[in-house]
Amino acid sequence: MSKTIAIIGGGNLGLSIAEGLTAGGFLSPGQITITRRNTTLLQPYQQQGMTITSDNAAAAAAADVILLAVKPFQIREVIREIAPSLMADKLLISVVTGVSTQEMRSELLEDKIPAIFRAMPNTAVAIRESMTCLSHSKAKEDQVNWVLELFSQVGRVVIIDEKLMDAATVLGACGTAYAMRYIRANIQGGIEIGFDAKTASLIAAQTVKGAAELLLQKGTHPEYEIDKVTTPKGCTIAGLNEMEHQGFSSSLIKGISASYVKIQADK
Ligand SMILES: NC(=O)C1=CN([C@@H]2O[C@H](COP(=O)(O)OP(=O)(O)OC[C@H]3O[C@@H](n4cnc5c(N)ncnc54)[C@H](OP(=O)(O)O)[C@@H]3O)[C@@H](O)[C@H]2O)C=CC1
Ligand SMILES: O=C(O)[C@@H]1CCC=N1
């Protein structure tokens, strides 16, 4: 079923989602309204046929689906603004980090919106290669299927329990930054052993992409794939073991834990 969507907060993530949805043909530009306070920055989207406005309440009233993509400290004010428009047949989706369904419902003051989704995509949504973790509360099966379809337009989706949403933020959303650091370190190493920066960047990024695709397409375990690269007494195992002596896996696990602790502490 075709629905209209109001993206409240047309920033990095909100605009990337709008672009991904129209690129895949899931929604036409005419079905999308984007809001932000400074609408001048939304004009290219208006030229594509989307509606732009700074009036959150009017945008929410006119749409079937409301997607909240503002910063965490802005969500409460926005919910209060759109609350009068939230009829029971509408869907509310929030990509806002760290704000629970329960908090959103209490901000609405009453159980006006039966279905609330939380989604945690990452910035690869811009090229429709996101990993999106999704949880839902009081949603009907057809609503869950529609939201699953929506996020599958911009990458892969998995449904999780809401209590894992902070963990999903760390692994799936912050994870993009961690992967970038891994690639950057490879580029630095590549330059030291003889490549120019551009060639080192290409080799590092495509090698990581290929490694990830091996796991995604074949469903194998990383260590199984590592065994295929490591010749006895060879250079791969020498490098891997040195990385482990220097705390490679341990530093990543500790970083992920520190990130998770920070999300919990900020609540
Ligand atoms: N970046 C990431 O990797 C991920 C981010 N998230 C979450 O997504 C949310 C958005 O992040 P991101 O897109 O990076 O942030 P941005 O700051 O790029 O976007 C937020 C947008 O909200 C707009 N805005 C602020 N207040 C209002 C308001 N009252 N009414 C309408 N629009 C408003 C801002 O525009 P203006 O100031 O003009 O109003 C801005 O364009 C955050 O909660 C973040 O935690 C989730 C997953 C991944
Ligand atoms: O670090 C942050 O604030 C957010 C959480 C997900 C991605 N960026």
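The chain appears in an unreviewed UniProt entry as Pyrroline-5-carboxylate reductase from Flavihumibacter fluminis. You can read under Sequence similarities (unreviewed entry) in the UniProt record for the chain the words "Belongs to the pyrroline-5-carboxylate reductase family." Among the UniProt annotations of the chain, the heading Function (unreviewed entry) holds the following wording: "Catalyzes the reduction of 1-pyrroline-5-carboxylate (PCA) to L-proline."

Caption draft 1: Fine view of the UniProt feature "domain: Pyrroline-5-carboxylate reductase catalytic N-terminal" (unreviewed entry) in the chain. This chain's UniProt record puts "domain: Pyrroline-5-carboxylate reductase catalytic N-terminal" (unreviewed entry) on residues 4-97. In residues 4-97, the share of helix is 34% and the share of strand is 20%. The end C-alpha atoms are 24 Å apart.

Caption draft 2: Local environment of the site of ligand 1. Neighbouring residues of ligand 1: 26 residues in total, closest G9, G11, L13, R37 and T97. Of all the elements, helix α1 (residues 12-23) adds the most residues to the shell around ligand 1, at 3 residues. Along the lines of polarity and charge, the residues of the shell around ligand 1 split into 11 nonpolar, 12 polar and 3 charged.

Caption draft 3: Inspection of the sheet that holds strand β2 (residues 32-35) at higher detail. Read from one edge to the other, the open sheet built from 8 strands follows the order β3-β2-β1-β4-β5-β6-β7-β8, with strand pairing classed as mixed. What marks the edges here is a single partner per strand, and that holds for β3 (51-53) and β8 (155-159). Neighbour-to-neighbour, the strand axes of this sheet turn through a mean angle of 20°, independent of strand direction. Bridging between strand β6 (residues 115-120) and strand β7 (residues 130-137) involves 5 bridges; their strand directions are antiparallel. The residue of β7 that forms the bridge with M120 is C133. Each of β5 (91-94), β6 and β7 is contacted by helix α5 (residues 101-108), which is oriented at about 135° to β6, the strand it contacts most.

Caption draft 4: Layout of the nonpolar core. Within the largest apolar cluster, 50 residues are counted, with the highest numbers of intra-cluster contacts made by I7, I8, A18, I66, L67 and L68. If one sorts the elements of this core by residue count, α1 sits on top with 5 residues. Dropping the residues within four chain positions of it, I8 is found in contact with T35, N56, A59, A60, I66, L67, L68, A69, V70, V78 and I82.

Caption draft 5: Spotlight on the site of ligand 2. Every residue lining ligand 2 is accounted for by T97, T169, A173 and C174. A class-by-class count of the residues in the shell around ligand 2 yields 2 nonpolar, 2 polar and no charged.

Caption draft 6: Layout of the domain arrangement of the chain. Split by domain assignment, the chain resolves into domain 1 (5-160) and domain 2 (168-265). For domain 1 versus domain 2, the separation of C-alpha centres amounts to 32 Å. Contacts between the two partners involve 9 residues from domain 1 and, on the opposite side, 7 residues from domain 2. The class makeup of the residues in the side of domain 1 that touches domain 2 is 5 nonpolar, 4 polar and no charged.

Caption draft 7: Examining the pairing of β8 more closely. Sheet analysis places β7 next to β8, joined by 5 bridges and oriented parallel. Following the sheet pairing, T132 is matched in β8 by V157. Handedness of the crossover joining β7 and β8 through helix α6 (residues 141-152) is recorded here as right-handed.

Cut-offs applied
Residues numbered from 1 in each chain as written. Chains lettered and ligands numbered in written order. Predicted model: local features only at pLDDT ≥ 70, side-chain atom pairs only at ≥ 80, totals over all residues. UniProt positions renumbered as here; feature names shortened; annotations may be inferred. Helix = DSSP H or I, 4+ residues; strand = E, 2+ residues; numbered from the N terminus. Near = placed C-beta within 6 Å. Nonpolar A, V, L, I, M, F, W, Y, C, P; charged D, E, K, R; others polar. Pairing = 2+ DSSP bridges. Axes fitted to C-alpha atoms, helices over the stretch in contact; angles between N-to-C directions. Contact = placed C-beta atoms within 7 Å. Core = buried A, V, L, I, M, F, W, Y, C linked by C-beta atoms within 7 Å. Buried ≥ 20, exposed ≤ 12 C-beta atoms within 10 Å, placed from the backbone. Domains from an automatic or database assignment. Right-handed = clockwise from strand over helix to strand, strands pointing away.

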